Amino acid sequence: MLGTVNAGSNYMQPVLDPLVAAPLGDHLLAEARFDFREFYSQNGNTGPYYSTFFKSTQLLQLDYIANPKLTLVVGRFLTPFNTYNERLSALWIQNFQDAPIVFSLGTRTTGSSDGLMLRGNAYASDKVEINYTTYFSASTKIDQFQAARAAGDRIDVYFPGTRVEVGTSYARFLQSTRYNTFGAHFYWLPWRSPLQVRSEYAHGPGAQGYWIETSYRLSQFKGRDSLVGRIEPLFRMQQSFRNRPFSGDGVPGVDVKQADFGLDYHLPHEVRFNSSYSRKFAGSGNANIWDMSLTYRFLFPAWRGKKS
């Protein structure tokens, strides 16, 4: 259940995001993720509520795991530009209800691609790991499977000793007006500390921007399951810059600066309460944004496995 209050308008969204992961032998894995939501909105503070139902197929893919250096993915998959889309966009993972302002750069048009993806480990040692991802997507307008014709790649370099990851992304939009989008990301999850630092930068033909997010779960106070240890303060700073008029990139038409302050509380049995306040500064007007959500994640086997 997600709720938002923004500039005099109220929103509420009951959301269901089922995920299916089905191993098919030793080398095949079928994956699917869907999104169902009922969007309730109110005009002003006293007007009536209106509802609209949305549904989407976010991924429907088959993975062939040849070896640690190569996995072949076919079908509909999350566009692997930067890291937010693949790693943090899931409802039960995201710290803030709203995606970063520049999320759409490199993931146009729907955040999903229909085609082929190759990924794997290019090099690994005790000091460094290098992973690669490359993909091609066809243009489709079929309901629930809309995607743009595009291609791109991402390189991730991970340092196990410090738990630091840096990476670069590239995407080439191959329909209508062709253009390039570049991205970079930085992660730091230090040892023996619940601190997490994540950040991304994206640059497209009409806009650019960044976001940096930090979280610190208070698990060092009598453990993760203590009353205080379940609290996780959050902060995210983000900016977008409009370089020139460019339609369709999903980024605001004016420069935007936004500070997000959040507080998550991790309840037992995979239940989490999220709350946040954002202060938005933009050429089109400043705004206060309040978000609240309650997320329940549950897992169960689709069928019984074989006894070993």
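Refer to the structure printed above.
Residues numbered from 1 in each chain as written. Predicted model: local features only at pLDDT ≥ 70, side-chain atom pairs only at ≥ 80, totals over all residues. Heavy atoms only, no water.

I'd love a proper account of unusual backbone geometry, names of residues and values included.
Backbone torsion omega between Arg-108 and Thr-109 reads 15 degrees, so that peptide bond is classified as cis. Despite not being glycine, Asn-82 shows a phi value in the positive range, around 50 degrees. Here Asn-82 is to be found in the loop between β7 (70-78) and α1 (84-88). Residue classification places Asn-82 among the buried residues on the basis of a relative accessible area of 2%. The backbone of His-269 sits at a positive phi, close to 60 degrees, despite the residue not being glycine. When you line up the elements, His-269 lands in the loop between β16 (256-267) and β17 (271-282). (Helix = DSSP H or I, 4+ residues; strand = E, 2+ residues; numbered from the N terminus. Buried < 20%, exposed > 50% of the residue type's maximum accessible area, 1.4 Å probe, protein only.)

Can you tell me about the side chain of Gln-238, naming the residues and giving the values?
Inspection of the secondary structure assignment puts Gln-238 in strand β15 (residues 231-242). Within polar-contact distance, the side chain of Gln-238 engages the backbone nitrogen of Ile-101 at 2.8 Å. (Polar contact = N/O pair within 3.5 Å; in protein donor to acceptor, adjacent residues only side chain to side chain.)

I'd love a proper account of empty space enclosed by the protein, names of residues and values included.
Enumeration over the complete set of coordinates arrives at five cavities of 30 Å³ or more. A volume near 150 Å³ is recorded for the largest cavity. Residue lining of the largest cavity: 18 residues in total, with Gly-106, Thr-107, Arg-108, Phe-173 and Tyr-179 positioned closest to the centre. At the level of elements, β9 (129-137), β11 (164-173) and β12 (179-188) are the ones that each hand at least two residues to the lining of the largest cavity. Here the lining of the largest cavity gets three residues from one element, more than from any other, and that element is β11. Its residues assigned to classes, the lining of the largest cavity shows eight nonpolar, seven polar and three charged. (1 Å grid on protein atoms, 1.4 Å probe; cavity = no way out; pocket = protein on both sides within 12 Å on 5 of 7 lines; lining within 4 Å. Points joined across faces, edges and corners; volume = space filled by probe spheres on them. Nonpolar A, V, L, I, M, F, W, Y, C, P; charged D, E, K, R; others polar.)

Before we move on, can you summarise the nonpolar core with the specific residues and values?
With 15 residues, the main nonpolar core has Phe-77, Leu-88, Leu-105, Met-117, Tyr-135 and Trp-211 as its most contacted residues. Ignoring anything within four residues of it in the chain, the contact list for Phe-77 reads Gln-58, Leu-59, Gln-61, Ser-112, Ser-113, Gly-115, Leu-116, Met-117, Tyr-135 and Phe-136. (Core = buried A, V, L, I, M, F, W, Y, C linked by side-chain atoms within 4.5 Å. Contact = heavy atoms within 4.5 Å.)

Lay out the layout of surface pockets with the relevant residues and their values.
The computed volume of the largest pocket comes to approximately 1,300 Å³. Forming the boundary of the largest pocket are 45 residues, of which Arg-37, Gln-97, Asp-98, Ala-99 and Phe-103 lie nearest the centre. Where the lining of the largest pocket is concerned, the elements lending two or more residues are β1 (2-6), β2 (9-13), β5 (28-42), β6 (49-67), β7, α1, β15 and β16. Of the residues belonging to the lining of the largest pocket, the class tally is 14 nonpolar, 20 polar and eleven charged. Considered as a void within the structure, the second largest pocket measures approximately 760 Å³ in volume. The wall of the second largest pocket is formed by 23 residues, among which Asp-17, Pro-18, Leu-19, Phe-298 and Leu-299 lie closest to the centre. Contributing elements (two or more residues each) for the lining of the second largest pocket: β3 (15-16), β4 (19-24) and β18 (287-296). Per-element tally for the lining of the second largest pocket: the top contributor is β4, with five residues. When its residues are assigned to classes, the lining of the second largest pocket shows 20 nonpolar, one polar and two charged.

Can you break down the side chain of Ser-240 residue by residue, with the values?
Its place among the elements puts Ser-240 in strand β15. Setting aside anything within four residues of it in sequence, one finds Ser-240 in contact with Ile-101, Val-102, Gln-208, Gly-209, Val-251, Pro-252, Val-254, Asp-255 and Val-256.

Before we move on, can you summarise the packing of aromatic side chains with the specific residues and values?
For any pair of aromatic rings, geometry is given as the distance between the ring centres together with the angle between the planes. Overall, the coordinates contain twelve aromatic pairs when judged by the stated rule. Consider the rings of Phe-235 and Phe-261, whose centres lie 5.2 Å apart with planes at 50 degrees: the pair is tilted. One end of the pair, Phe-235, is in strand β15; the other, Phe-261, is in strand β16, with 26 residues separating them in the sequence. Measuring from ring centre to ring centre gives 6.1 Å for Phe-298 and Phe-300, while their planes differ by 10 degrees; the resulting arrangement is stacked. Owing to a relative accessible area of 47%, Phe-298 belongs among the partly exposed residues under this scheme. Owing to a relative accessible area of 62%, Phe-300 belongs among the exposed residues under this scheme. The rings of Tyr-84, Phe-103 and Trp-211 are connected pair by pair, giving a single aromatic cluster. The ring of Trp-191 is capped by Arg-163, whose NZ or CZ atom sits 4.9 Å from the centre of that ring. (Phe/Tyr/Trp six-rings, centres within 6.5 Å; stacked < 30°, edge-to-face > 60°. Lys NZ or Arg CZ within 6 Å of the ring centre and 35° of its normal.)

Describe in detail the pattern of salt bridges, supporting the description with residues and values.
Within this structure, the stated rule accounts for twelve salt bridges. For Arg-119, the salt bridge goes to Glu-86, with nearest N and O atoms at 2.9 Å. One end of the pair, Arg-119, is in strand β8 (residues 112-124); the other, Glu-86, is in helix α1, with 33 residues separating them in the sequence. Residue classification places Arg-119 among the partly exposed positions, given a relative accessible area of 22%. On the basis of relative accessibility, which here comes to 23%, the residue Glu-86 falls in the partly exposed class. What emerges from the salt-bridge pattern is a single network uniting Glu-86, Arg-87, Arg-119, Arg-154, Asp-156 and Glu-165. (Salt bridge = Lys/Arg side-chain N within 4 Å of Asp/Glu carboxyl O.)

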